[in-house]
There are 4 protein chains.
Amino acid sequence: STALKKTQATLATSGVASAPGQYRVPPKSLLIINKHRTKPVVDAIDSLLHYMRERHPDVRVYHEDRPDRPDGTEIWRPGPNADPIDLIVTLGGDGTILHAASLFKVGAVPPVLSFSMGTLGFLLPFHIDDFGKAIETAFEGKATVLHRMRLNCTFQNKDGDDMEDVRQEWQVMNEVALHRGASPHLNTIDVFVDGQHLTEAVSDGIIVSTPTGSTAYSLSAGGPIVHPSLSALVLTPICPRSLSFRPLVFPSSSSITLRVSERSRAEAGLSMDGQASHVLRPGEAITVQASLYPVPCINRSSIAEPDDSRDGEGAGPGKEDDWVRDINNLLQYNATFRSKALLRHSRT
Amino acid sequence: STALKKTQATLATSGVASAPGQYRVPPKSLLIINKHRTKPVVDAIDSLLHYMRERHPDVRVYHEDRPDRPDGTEIWRPGPNADPIDLIVTLGGDGTILHAASLFKVGAVPPVLSFSMGTLGFLLPFHIDDFGKAIETAFEGKATVLHRMRLNCTFQNKDGDDMEDVRQEWQVMNEVALHRGASPHLNTIDVFVDGQHLTEAVSDGIIVSTPTGSTAYSLSAGGPIVHPSLSALVLTPICPRSLSFRPLVFPSSSSITLRVSERSRAEAGLSMDGQASHVLRPGEAITVQASLYPVPCINRSSIAEPDDSRDGEGAGPGKEDDWVRDINNLLQYNATFRSKALLRHSRT
Amino acid sequence: STALKKTQATLATSGVASAPGQYRVPPKSLLIINKHRTKPVVDAIDSLLHYMRERHPDVRVYHEDRPDRPDGTEIWRPGPNADPIDLIVTLGGDGTILHAASLFKVGAVPPVLSFSMGTLGFLLPFHIDDFGKAIETAFEGKATVLHRMRLNCTFQNKDGDDMEDVRQEWQVMNEVALHRGASPHLNTIDVFVDGQHLTEAVSDGIIVSTPTGSTAYSLSAGGPIVHPSLSALVLTPICPRSLSFRPLVFPSSSSITLRVSERSRAEAGLSMDGQASHVLRPGEAITVQASLYPVPCINRSSIAEPDDSRDGEGAGPGKEDDWVRDINNLLQYNATFRSKALLRHSRT
Amino acid sequence: STALKKTQATLATSGVASAPGQYRVPPKSLLIINKHRTKPVVDAIDSLLHYMRERHPDVRVYHEDRPDRPDGTEIWRPGPNADPIDLIVTLGGDGTILHAASLFKVGAVPPVLSFSMGTLGFLLPFHIDDFGKAIETAFEGKATVLHRMRLNCTFQNKDGDDMEDVRQEWQVMNEVALHRGASPHLNTIDVFVDGQHLTEAVSDGIIVSTPTGSTAYSLSAGGPIVHPSLSALVLTPICPRSLSFRPLVFPSSSSITLRVSERSRAEAGLSMDGQASHVLRPGEAITVQASLYPVPCINRSSIAEPDDSRDGEGAGPGKEDDWVRDINNLLQYNATFRSKALLRHSRT
Ligand SMILES: NC(=O)C1=CN([C@@H]2O[C@H](COP(=O)(O)OP(=O)(O)OC[C@H]3O[C@@H](n4cnc5c(N)ncnc54)[C@H](O)[C@@H]3O)[C@@H](O)[C@H]2O)C=CC1
Ligand SMILES: NC(=O)C1=CN([C@@H]2O[C@H](COP(=O)(O)OP(=O)(O)OC[C@H]3O[C@@H](n4cnc5c(N)ncnc54)[C@H](O)[C@@H]3O)[C@@H](O)[C@H]2O)C=CC1
Ligand SMILES: NC(=O)C1=CN([C@@H]2O[C@H](COP(=O)(O)OP(=O)(O)OC[C@H]3O[C@@H](n4cnc5c(N)ncnc54)[C@H](O)[C@@H]3O)[C@@H](O)[C@H]2O)C=CC1
Ligand SMILES: NC(=O)C1=CN([C@@H]2O[C@H](COP(=O)(O)OP(=O)(O)OC[C@H]3O[C@@H](n4cnc5c(N)ncnc54)[C@H](O)[C@@H]3O)[C@@H](O)[C@H]2O)C=CC1
């Protein structure tokens, strides 16, 4: 059980490893991220703020600068001069973590503690009702993190030069997808690996995914499921007009360029972690590489109580792989055909 | 809801349609088929025999000639001179129906009423506890049947002549599979459609399946799910050494020949509905065509009570398609990713 | 070789069969269809018109009412009162036949003789250079046709009533596709078969395809290849968020309804044979059924010369299945891995 | 172009890296491996021996101890006390390299220079006609190698103890496959990752593959193509009776156990790189881990002449990735549908 844990580290070491001195244990600053402001989210933020005031009154609690920013939080603005954050807490669905990560485009990302509001997700290890226990483990430096790889994207114009008008760098956790979007026509995309031409894809589009994203869009398009502790890039075509296109898995040292062919009848819309970004015209390209800055996500297993019996499955805390549970419970991986159980249906 | 029922008919008409005069309503003879003689099966046969004596004392009840043939049944032997059977009752799993059908190699097959012993299956519409109601509906001529296509197989030697030593014709309900079996080597099979060369397959093997069999081995090998009321042949490769081999669906009027190539490094073992039959050597071939004699399987829906509320899903008797239920309940077709429900697992 | 030909008939009989008296042999009227007016197309039309004037001066030659209508053709307008057409000649790609068929929304479609301008396609049996021979065979009533199934579509609003604003009936040859289009969000579509709920699809979209369309978009989305002489509907999901969604094949008697779920976060754009039609909002539905009016497409093999040796493959005229050739030549079906031939690449 | 090369090293450094001092440059000993003794192989060995005598008379040339061992070679026997080998030369197909690697079960493997006899293969970078140039580059220490991962296998009995009777350790380059073989019945295999239960597989079998093996059996079973410079394990099911089984990719630090379930109706035959090894009975297991000893395979690109123009594709020597060429040329990866070229077929 030790092998899979190699990319995992306790919060303390992880902080040290990825950006010396930046993540303090115990954290001195905390950033709350939520996308929606539904009643459960509002209640959860209230409880969380109350909890922090009671137990950790010295910690500064931040929130994005939005009209609905909760009272008792300070404004946090992303960018090179952002206030340092030691711990991110997200409240919502998988999309909330994607959003949180997207705020840290430059430099290292603080550890992320993600709470679901009842809806489970792949990136949501904790139920909001358990927030106390989870926060304490994180504050004590006992939490282990999984460093989820991110992709770094740059854009090239027809001449191969970096595009002026798309200065902003992107960092994605799931995937970059080039897609025909509303165009009825297939597009033609040239794929290069480390500068070498790999193939010409005539398809609805192409996905370059992280292992984390391998259970998102890439999976729907037929890609393999890749363990998030592996460093790799997954290239998955979307509805290719070819019988012989297969998903490819590359080492994370590879650089992948997707270039809309000059011959392409259609432009291609770019989505980054599900956010429509801009449109690439024939001749334009995006280059994707592993980012230097992964997202340290706090594991579910690291928080479990030693005496937590967990259905008698027998694994002790920290011994289980969240991912194994998730592909079984969330994706219903390899669900066997039922032959018992549904007898009622056979009764007439 | 009428469309899918076109290949279905009431027992009475069906009998008339497929073999005039042969299937009498009410049935005068009944053949019990079971593969194993477990306690539940023994009990079920007892109850069935008792029921028949009480309610239908004139009906002759047959059983295969086996050492464990139940008392109170007459011996039935397959073949051209077999005693006529008006109704088959099977007790067991899907394999029991496959076996029952295999006994009727020549001429029409009597309607089949299939009871599960608790384990559901694709070919098992009825639970044994409901046998009384099911039998009465069949005896009243009110049951509707689905004519499940079968495949007829002949064998050719290197010269293309019919093989002497494999006289016995085969009729299969699920599929014919040519497979490398214990050989470590891939085999090479030439596939012909209506005498025309279609492709050379280098693979673990090739499946030719009926729509019924499309949820059996063919499905595991990546084939599509074909509604059993469609008349069609499905060709599915097993682990082909090619990126561009896809399952093919042919009209049932097609004749498909699988010929082990002279270049094949390995022989190919033949399985018919999961029964190993014999081995084809390089140059030898099997030709598969739709059989004239499908298997009339009595539907679950035709037996339902008019007042049977069925979970409030609202469909009346005879209105539902067993198949839609089965792919959802048994195969868990398109099971959506869970996001609710399993919250317990996220608790720490 | 006879089996696959069952749905094929000589032009004469076919005409009689599908619409008595309508298609005359020899044809008295001919409709030329082209999408683009490139130089090769213009030249081809010139040659064709010249040929007709010389050889069949009594035949009326029509063209769609477009600014670029060639001299020497009469205007033809689709609709219930359209001038009767005995033969359609298309010049262009696969899309040109799709367009030609779309002009005959009401009633039977005249036989279609399709010429490629050099680019091969699945629906393009003839090379333009052979037009003389092809036309003569058609005029002599010796051509055989493949009746390609079409789909008939109707639309329902939230209340299940037919939609007022989408009066125009659609007839498609390839497929109907519901797709998220430019929306970044997955849509949710409820699929019904013959009125019975089959499944809820969370995906990029859903395709309902004819066998003809099984080599078009459905193939790219992972669907099986279905022989066009089979009458069937293919349901193929596009990037479904489920591990267990598989393509389904239904008898052509089935009626399939795709309904955008009220829960769907996104609308769904409708494409008919690749033409964007309109958008379905949550609650709205499309119902697809086999059309009464297939498209009679003239076969390549029916035109071949008796003495045409065809690479020594040995099949006489009319004996070969165009489709077998096409999946091998155009799709490169089951292309075997190369081990010879490319030796140059291994030279250093 | 540098990124993919990270796992590649010049022969000199590679030797140092994987086993200090063991691989001398220039090599002092050479092992010739061939499986068959066909005329081209005999001739090639003759030329090679002659070349060595002329150019490198001090190098000891070894061969396996077989009756057909060529004159002028010394006997080499595998095992802990084997004579040290500095360079392996294989002559034959992909299977010859697999065999060569299997001889080095203990400790590091010397660099492998693989020559095809005309038949290309994934593991065959060089054509025999180029042997002089290839050998010189290797002798000069200029060749770069790709360290191809291997799998190390151990066996456990019902009690989880190491099996006595299967002492011999196995090292495989492609894959371990558990398969039902000649049994007509599906087997049931429990899959564990790092000791944690992952899933129960009811299928024809399970493959655990290296990235190298991802283009072999795993590919045929539907697995992704994984670049050989990535360290990873691929788990691919063979014909699983489940709609929701997908290939999985694990970090090479994972340990995967395949255990034939006590409930399995069938035993499971084990194949290692296509060699049938033994049969696992219900309760018995195999555990697979990345080996410490990869196989250093000499690259094609490292041998190319600086002035070698290579079709004007423009990549200089050492800049190209053999793998990109191979998946395009050998697998015909993403072969686009043909629309030109085959016009002859459309002529009648
Ligand atoms: N056909 C498809 O499967 C499509 C999938 N997407 C995915 O949606 C993502 C954006 O997510 P949201 O902003 O929440 O949009 P959303 O609200 O439309 O949700 C997409 C779904 O994907 C799930 N998801 C997100 N990341 C995941 C991951 N790493 N592993 C497993 N499931 C994951 C979410 O829980 C949600 O169920 C994109 O990054 C893309 O991967 C986007 C478009 C189409
Ligand atoms: N890898 C695979 O999926 C393999 C599947 N089979 C299938 O097993 C069949 C023989 O069945 P048994 O004698 O019961 O052997 P078995 O006891 O080994 O059962 C095979 C499984 O297939 C199921 N099955 C059988 N016919 C089916 C159908 N038409 N639709 C859905 N499920 C069906 C059975 O319920 C059982 O779960 C063969 O006809 C073949 O289709 C055989 C070998 C390998
Ligand atoms: N990802 C994909 O594969 C997509 C495919 N399409 C297909 O394009 C069709 C429209 O075709 P065009 O107007 O020519 O648009 P187009 O010019 O964009 O061409 C689509 C391609 O599909 C081919 N094609 C069309 N019908 C075919 C058939 N029945 N079998 C084999 N290949 C076929 C055409 O030859 C062309 O190569 C749609 O009906 C749809 O099937 C449309 C969108 C996406
Ligand atoms: N259905 C299938 O695809 C099967 C494949 N195999 C494969 O055959 C291998 C043994 O090879 P041989 O001893 O030559 O047996 P073989 O002579 O039966 O050849 C199998 C084929 O696989 C090719 N091959 C081997 N390793 C490869 C690789 N790493 N990438 C791409 N192609 C490769 C060979 O060139 C040959 O064409 C096994 O390791 C297994 O991967 C074995 C059984 C079934």
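Rules used throughout
Residues numbered from 1 in each chain as written. Chains lettered and ligands numbered in written order. Predicted model: local features only at pLDDT ≥ 70, side-chain atom pairs only at ≥ 80, totals over all residues. Heavy atoms only, no water. Contact = heavy atoms within 4.5 Å. Buried area = accessible area lost by both parts, 1.4 Å probe. Polar contact = N/O pair within 3.5 Å; in protein donor to acceptor, adjacent residues only side chain to side chain. Helix = DSSP H or I, 4+ residues; strand = E, 2+ residues; numbered from the N terminus. Near = heavy atom within 4 Å. Salt bridge = Lys/Arg side-chain N within 4 Å of Asp/Glu carboxyl O. Buried < 20%, exposed > 50% of the residue type's maximum accessible area, 1.4 Å probe, protein only. Least-squares fit on C-alpha atoms with pLDDT ≥ 70 in both. Axes fitted to C-alpha atoms, helices over the stretch in contact; angles between N-to-C directions. Parallel < 35°, antiparallel > 145°, perpendicular 65-115°, else oblique. Left-handed = near helix turned anticlockwise from the far one by under 90°. Pairing = 2+ DSSP bridges. Nonpolar A, V, L, I, M, F, W, Y, C, P; charged D, E, K, R; others polar. Areas by Shrake-Rupley, 256 points an atom, 1.4 Å probe, with all protein chains shown as cover.

### Examining the interface of chain D and chain A
Working step 1: Every contact between the two is made by 50 residues of chain D and, on the other side, 50 residues of chain A.
Working step 2: Between chain D and chain A lies a buried interface of about 4,100 Å² when both sides are counted; carbon and sulfur atoms form 57% of it.
Working step 3: There are 30 residue pairs in polar contact (both at pLDDT 80 or more) connecting chain D and chain A.
Working step 4: Those elements giving two or more residues to the side of chain D that touches chain A turn out to be strand E13 (196-203), strand E15 (225-226), strand E17 (248-251) and helix H6 (322-329) of chain D.
Working step 5: Here the element with the most residues in the side of chain D that touches chain A is E13(D); it accounts for seven residues.

### So, the site of ligand 4
Working step 1: If you check the shell around ligand 4, you find 22 residues, and the closest are B:Arg265, D:Asp94, D:Glu175, D:Thr215 and D:Ser220.
Working step 2: The site occupied by ligand 4 is bordered by residues of chains B and D.
Working step 3: Residue B:Arg241 places a side-chain N or O atom 3.3 Å away from a nitrogen atom belonging to ligand 4.
Working step 4: D:Thr212 is positioned with one of its backbone polar atoms (N or O) 3.1 Å from a nitrogen atom of ligand 4.
Working step 5: Elements that contribute at least two residues to the shell around ligand 4 include exactly helix H3 (94-102) and helix H5 (217-220) of chain D.
Working step 6: Looking at which element gives the most residues to the shell around ligand 4, the answer is H3(D), with three residues.

### Observations concerning the pattern of salt bridges
Pairing between side chains of opposite charge can happen when the charged atoms of each approach one another.
Residues and elements named next belong to chain A.
Working step 1: Throughout the structure, instances matching the rule amount to 40 salt bridges over all chains.
Working step 2: Between Arg281 and Glu284 there is a salt bridge; the shortest N-O distance is 2.8 Å.
Working step 3: You can call Glu284 buried: its relative accessible area is 6%.
Working step 4: Asp326 is paired through a salt bridge with Arg300; the nearest N and O atoms lie 3.0 Å apart. Pair noted here: Asp326 is in helix H6 (residues 322-329) and Arg300 is in the loop between strand E22 (295-298) and H6, with a separation of 26 residues, a long-range link. The pair Asp326 / Arg300 is uniform in exposure class, with both members buried.

### What to know about the relation of the copies chain D and chain A
Working step 1: Mapping chain D onto chain A calls for a rotation angle of 180° and an axial translation of 0.0 Å; the resulting RMSD is 0.0 Å. The operation mapping one copy onto its partner corresponds to a two-fold rotation axis. For chain D, the minimum C-alpha distance to the rotation axis belongs to D:Pro224 and amounts to 3.3 Å.
Working step 2: Mapped onto chain A, 100% of the interface residues of chain D are again interface residues, and the two copies thus contact each other with one and the same surface.

### Some thoughts on the packing of helix H2 (residues 39-55) of chain A against helix H4 (residues 131-139) of chain A
All names here are of chain A.
Working step 1: Closest axis-to-axis distance for the H2/H4 pair is 11 Å, and the angle between their directions is 45°. Put simply, H2 runs oblique to H4. Taken as a pair, H2 and H4 cross one another with a handedness that is right-handed. Contacts from Ser47, Leu48, Tyr51, Met52 and Arg55 of H2 reach H4 at Phe131, Gly132, Ile135, Glu136 and Phe139.

### A closer look at H4(A)
Working step 1: Taken across its nine residues, H4(A) has eight buried, putting it largely inside the fold.
Working step 2: Taken together, the buried positions of H4(A) are occupied by A:Phe131, A:Gly132, A:Ala134, A:Ile135, A:Glu136, A:Thr137, A:Ala138 and A:Phe139.

### Things to note about the pairing of strand E17 (residues 248-251) of chain A
Regular strands show a simple pattern: their side chains alternate between the two faces of the sheet.
Working step 1: Note that strand E16 (residues 232-238) of chain A and E17(A) share four bridges and pair antiparallel. Bridge pairing links A:Leu235 to A:Leu248 in E17(A).
Working step 2: Sheet analysis places E17(A) next to E15(D), joined by two bridges and oriented parallel. Bridging across to E15(D), A:Leu248 finds its partner in D:Ile225.

### Thoughts on the pairing of strand E21 (residues 285-290) of chain C
All names here are of chain C.
Working step 1: For strand E9 (residues 151-156) and E21, the ladder comprises six bridges, and the chain directions are antiparallel. Bridging across to E21, Cys153 finds its partner in Val288.
Working step 2: Across five bridges, the pairing between strand E18 (residues 255-260) and E21 is antiparallel. Looking across to E21, one finds that Ile256 is bridged to Val288.

### Side note on the environment of A:Lys35
Residue and element names in this part refer to chain A.
Working step 1: Along the chain, Lys35 turns up in the loop between strand E2 (29-34) and H2.
Working step 2: Lys35 sits in the partly exposed class, given a relative accessible area of 37%.
Working step 3: Sequence separation between Lys35 and Leu91 is 56 residues, and the spatial gap between their C-alpha atoms is 7.9 Å.
Working step 4: With residues up to four places along the chain from it excluded, the contact list for Lys35 reads Arg66, Leu91, Gly95, Thr96 and His99.

### Details of the interface of chain C and chain B
Working step 1: Each partner contributes residues to the interface: chain C has 50 residues there, and chain B has 50 residues.
Working step 2: Between the two partners, chain C and chain B, sit zero salt bridges.
Working step 3: At the junction of chain C with chain B, the criterion picks out 30 residue pairs in polar contact (both at pLDDT 80 or more).
Working step 4: Only strand E13 (196-203), strand E15 (225-226), strand E17 (248-251) and helix H6 (322-329) of chain C provide two or more residues apiece to the side of chain C that touches chain B.
Working step 5: Per-element accounting of the side of chain C that touches chain B gives the leading share, seven residues, to E13(C).
Working step 6: Considered class by class, the residues forming the side of chain C that touches chain B number 25 nonpolar, 17 polar and eight charged.

### Regarding the site of ligand 2
Working step 1: Around ligand 2, 22 residues are found, and the nearest of them are B:Asp94, B:Glu175, B:Thr215, B:Ser220 and D:Arg265.
Working step 2: One chain alone does not account for the residues near ligand 2; they come from chains B and D.
Working step 3: A distance of 3.1 Å separates an oxygen atom of ligand 2 from a polar backbone atom of B:Tyr217.
Working step 4: In the environment of ligand 2, an oxygen atom lies 2.4 Å from a nitrogen or oxygen atom belonging to the side chain of D:Arg265.
Working step 5: Its free accessible area being 780 Å², ligand 2 has 87% of it covered by the protein chains.

### Structural notes on the sheet that holds strand E21 (residues 285-290) of chain A
Two pairing modes exist for strands in a sheet, parallel and antiparallel, and in both the strands are linked by backbone hydrogen bonds.
Residues and elements named next belong to chain A.
Working step 1: The strand order across the open sheet built from six strands is E10-E9-E21-E18-E12-E13, with neighbouring strands paired in antiparallel fashion. If you trace the sheet from one side to the other, it starts and ends with strand E10 (170-172) and strand E13 (196-203), each paired once. Strand-to-strand twist of the sheet, defined as the mean angle between neighbouring strand axes without regard to direction, takes the value 25°.
Working step 2: Where strand E12 (residues 187-193) meets E13, seven bridges bridge the pair, whose relative direction is antiparallel. Residue pairing across strands places Thr188 opposite Val202, the latter belonging to E13.

### A short note on unusual backbone geometry
Working step 1: The backbone of A:Asp273 sits at a positive phi, close to 50°, despite the residue not being glycine.
Working step 2: Look at A:Asp273 and you get buried, because its relative accessible area is 13%.

### Some remarks on the environment of D:Lys142
All names here are of chain D.
Working step 1: Mapped onto the secondary structure, Lys142 falls in the loop between helix H4 (131-139) and strand E8 (144-148).
Working step 2: The exposed category is assigned to Lys142, whose relative accessible area is 54%.
Working step 3: With 160 residues separating them in the primary sequence, Lys142 and Ser302 have C-alpha atoms 7.4 Å apart.
Working step 4: Beyond its immediate stretch of four places on either side in the chain, Lys142 contacts Thr137 and Ser302.
Working step 5: Of the polar contacts made by the side chain of Lys142, one reaches the side chain of Glu140; its length is 2.7 Å.

### Section: the sheet that holds strand E12 (residues 187-193) of chain C
Residues and elements named next belong to chain C.
Working step 1: The six strands lie next to each other as E10-E9-E21-E18-E12-E13, forming an open sheet whose pairing is antiparallel. The sheet terminates laterally at strand E10 (170-172) and E13, the two strands that pair on one side only. Averaged over all adjacent pairs, the angle separating strand axes in this sheet is 25°, with direction ignored.

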